Amino acid sequence: MRKLFAGFLLIVLIVGLTSYGLWTKQRSSGHYLSDLRIRLALNQGSPGEHGNLLGIQPELFPSDYQSLPRLHRKLAAYLQQARSLGLLNARTVVVLPEHVGTWLVLRGEKDDLFQALTQQEAMNWLMVSNPLKFSDALSKAKGRSRLDDARLRMKAKAMASDYQALFGGLAKEFGVTLVAGTLLLPTPFVEQGTLKFGRGSLYNASVTFGADGLPLGQPQRQRYPTFEQRGYVLGAADQGMNVVDTPAGRLGILIGSDSWYPEAYRQLDALGVKLIAVPAHVAGKGAWDRPWRGFKSAITPAEISLRPGELSEGEAWHRLTLIGRPPASQSIAGISVFLRGQLWDQRSSGQSFISYNGQTFTQDDAGGRGARLINLWLP
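It should be emphasised that the depicted structure is a prediction, and the values quoted were computed from it without experimental measurement.

Calculation criteria
Residues numbered from 1 in each chain as written. Predicted model: local features only at pLDDT ≥ 70, side-chain atom pairs only at ≥ 80, totals over all residues. Heavy atoms only, no water. Helix = DSSP H or I, 4+ residues; strand = E, 2+ residues; numbered from the N terminus. Buried < 20%, exposed > 50% of the residue type's maximum accessible area, 1.4 Å probe, protein only. Contact = heavy atoms within 4.5 Å. Areas by Shrake-Rupley, 256 points an atom, 1.4 Å probe, with all protein chains shown as cover. Phe/Tyr/Trp six-rings, centres within 6.5 Å; stacked < 30°, edge-to-face > 60°. Pairing = 2+ DSSP bridges. Core = buried A, V, L, I, M, F, W, Y, C linked by side-chain atoms within 4.5 Å. Axes fitted to C-alpha atoms, helices over the stretch in contact; angles between N-to-C directions. Parallel < 35°, antiparallel > 145°, perpendicular 65-115°, else oblique. Left-handed = near helix turned anticlockwise from the far one by under 90°. Nonpolar A, V, L, I, M, F, W, Y, C, P; charged D, E, K, R; others polar. Salt bridge = Lys/Arg side-chain N within 4 Å of Asp/Glu carboxyl O.

Peer 1: What exactly am I supposed to notice about the overall build of the protein chain here?
Peer 2: The secondary structure content of the protein chain amounts to 9 helices and 20 strands. Residue burial in the protein chain is summarised as follows: out of 379 residues, 53% are buried. Considering only intrachain contacts with a sequence separation of at least 6, the fraction spanning at least 24 residues in the protein chain is 72%. Element-wise, carbon and sulfur atoms account for 55% of the exposed surface of the protein chain, whose accessible area totals about 16,500 Å².

In structure tokens form, the structure reads like this:
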């Protein structure tokens, strides 16, 4: 009787494991209609021969990342609209927001993940849908938040390839220089024109692609990760700045609240940077108008006198970022671009803006659906 019962349990176990294995391999891709609405929210200056900084503030949702063709269709529609408005030329530098590439971790995942109610539930689906990849990544994970690390590390190869194919392809398709937001990868680097990764800690990094679709220089890594990410993302404050030469001028990239640190501008000045791109992200519905909570990392610059709660999150970005505080930077212009949309229960709320000639220019409204274009013609 015991042998019969043990045999029955073994059969159940085999059937269960086989069913689970088959389930993890199923990857359906149902019909999905993207919201392609986009509006020119800010157009500063007059067209000229020196080019322009063009920020695309996309409105993205989880299902946009289910396949590369979906995401390409949406971003290409934004660029096509910019072209129809006369905003694209050989000297255009297009800037996308922080983490627009990070969510490529979702590409090819199961419908159950995209139908989750919360981001945490979605991440759980990501783990159980990729048991072997996740187990291997967990054994190599770094930092305190090993689960968060492993969820991204297990998709690093696909993410690096998809990121270059998508954003490098868009830069080539539209003949522009493209600052491709950011993504999280283990020790990212460019070798022989290809974005690669190593075995070290995760970094929040941005790659700029030229009009030939190839990376310009090395990835710029975030210097001061936020408190929320410091458990699994390593800061690069001890590493140099990677500036790139574009048809519009020498460009520096400051990721997120790295743009709040005066020392970063001094370093960019020393490298002859004239244009600054800030891929950024503010999470939480209404967070832009809530009281500022202070610096998002462990380091607060001595020369900054602002105190938490003294002004709103948005006002702090305007006060601290780019060239709104002359003579903090010798750059002639900069643009800070935020993500729009909602990833499960997490809504983004940042509002993109331009800094030029010591002034800050903001989009004309924050409400309404759809993406936004933010443009500055360079003098």
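Past the structure itself, the notes keep going.
Peer 1: So what exactly am I meant to see when it comes to the packing of aromatic side chains here?
Peer 2: Two measures describe an aromatic ring pair: the distance that separates the ring centres and the angle between the ring planes. Scanning all chains against the criterion turns up 12 aromatic pairs. The interplanar angle of 70° and the centroid separation of 5.9 Å between the aromatic rings of Trp292 and Phe295 together place this pair among those described as edge-to-face.

Peer 1: Sorry if this is basic, but what is going on with the sheet that holds strand β2 (residues 52–57) here?
Peer 2: Sheets are built from strands paired through backbone hydrogen bonds, the pairs being either parallel or antiparallel. Strand order in the open sheet made by the 6 strands is β1-β20-β2-β4-β5-β10, with mixed pairing throughout. Across the chains shown, the open sheet's two edge strands, defined by having one partner strand only, are β1 (38–44) and β10 (208–209).

Peer 1: Help me understand the nonpolar core, please; the structure alone is not making it clear to me.
Peer 2: Soluble globular proteins tend to pack their nonpolar side chains together in the buried interior. Ranked by internal contacts, the top residues of the largest apolar core, which has 60 residues, are Leu106, Tyr163, Phe167, Leu170 and Trp344. Here this core takes 9 residues from helix α7 (residues 156–174), the largest share from any one element. Setting aside residues up to four positions removed in sequence, Leu106 forms contacts with Pro62, Tyr65, Leu113, Phe114, Met123, Lys155 and Trp344. Ranked by size, the runner-up nonpolar core spans 26 residues in total, among them Leu268, Ile276, Ala316 and Phe353.

Peer 1: Help me understand the packing of helix α2 (residues 68–84) against α7, please; the structure alone is not making it clear to me.
Peer 2: Relative orientation of the contacting elements α2 and α7 amounts to 25°, with a least axis distance of 11 Å. By the angle class used here, α2 and α7 are roughly parallel. Both α2 and α7 take part in a crossing whose hand is right-handed. Residue-level inspection shows Leu68, Leu71, His72, Leu75, Ala76, Leu79, Gln80 and Arg83 of α2 in contact with α7, the latter providing Asp162, Leu166, Phe167, Leu170, Glu173 and Phe174. Partitioning the contact of α2 with α7 into residue classes produces 9 nonpolar, 2 polar and 3 charged.

Peer 1: Looking at this structure, I do not really get the side chain of Gln363. What am I missing?
Peer 2: Turning to its location among the elements, Gln363 is positioned in the loop between β19 (359–362) and β20 (371–377). Among residues more than four places away in sequence, those in contact with Gln363 are Ala41, Leu42, Gln57, Arg340, Gln351, Ser352, Arg372 and Ile374.

Peer 1: Sorry if this is basic, but what is going on with the environment of Gly350 here?
Peer 2: With respect to the element layout, Gly350 can be found in the loop between β17 (346–347) and β18 (353–356). With relative accessibility at 6%, the residue Gly350 sits in the buried group. Sequence spacing of Gly350 and Lys285 is 65 residues, and the spatial spacing of their C-alpha atoms is 9.3 Å. Those residues in contact with Gly350, other than ones at most four positions away along the chain, are Gln57, Val282, Trp288 and Phe338.

Peer 1: Could you clarify how one ought to interpret the environment of Leu138 in this entry?
Peer 2: Among the structural elements, Leu138 can be located in helix α5 (residues 131–140). In this structure, the C-alpha to C-alpha distance between Leu138 and Met154, residues 16 residues apart in sequence, is 8.2 Å. Beyond its immediate chain neighbours, meaning those up to four positions away, Leu138 contacts Arg146, Leu147 and Ala150.

Peer 1: Can you walk me through the sheet that holds strand β3 (residues 59–60) in this structure?
Peer 2: One open sheet holds the 3 strands; their spatial order is β3-β16-β17, and the pairing between them is mixed. A strand with exactly one partner marks an edge of an open sheet, and here the two such strands are β3 and β17.

Peer 1: Would you mind going over the pattern of salt bridges with me for this structure?
Peer 2: Note that side chains of opposite charge can pair when their charged atoms are close. Scanning the model with the defined rule gives 14 salt bridges in all. Of the charged contacts in the structure, one is a salt bridge between Asp136 and Lys140, with a shortest N-O distance of 3.2 Å. You can see Asp136 and its partner Lys140 sitting in helix α5, 4 residues apart, about one turn around the helix. Residue classification places Lys140 among the partly exposed positions, given a relative accessible area of 46%. Put simply, Asp148 and Arg151 hold a salt bridge, and the shortest N to O gap is 2.7 Å.

Peer 1: Explain unusual backbone geometry here, please?
Peer 2: Trans is the prevailing form of peptide bonds, just as negative phi is the prevailing case for residues other than glycine. Even without glycine at this site, His99 takes up a positive phi of about 70°. For His99, the position within the fold is in the loop between β4 (92–95) and α3 (111–114). Here His99 falls in the buried class, since its relative accessible area comes to 7%. The residue Trp344 is not glycine, and still its phi comes out positive at about 60°. Inspection of the secondary structure assignment puts Trp344 in the loop between β16 (340–343) and β17.

Purely spatial values, then, with no claim about function.
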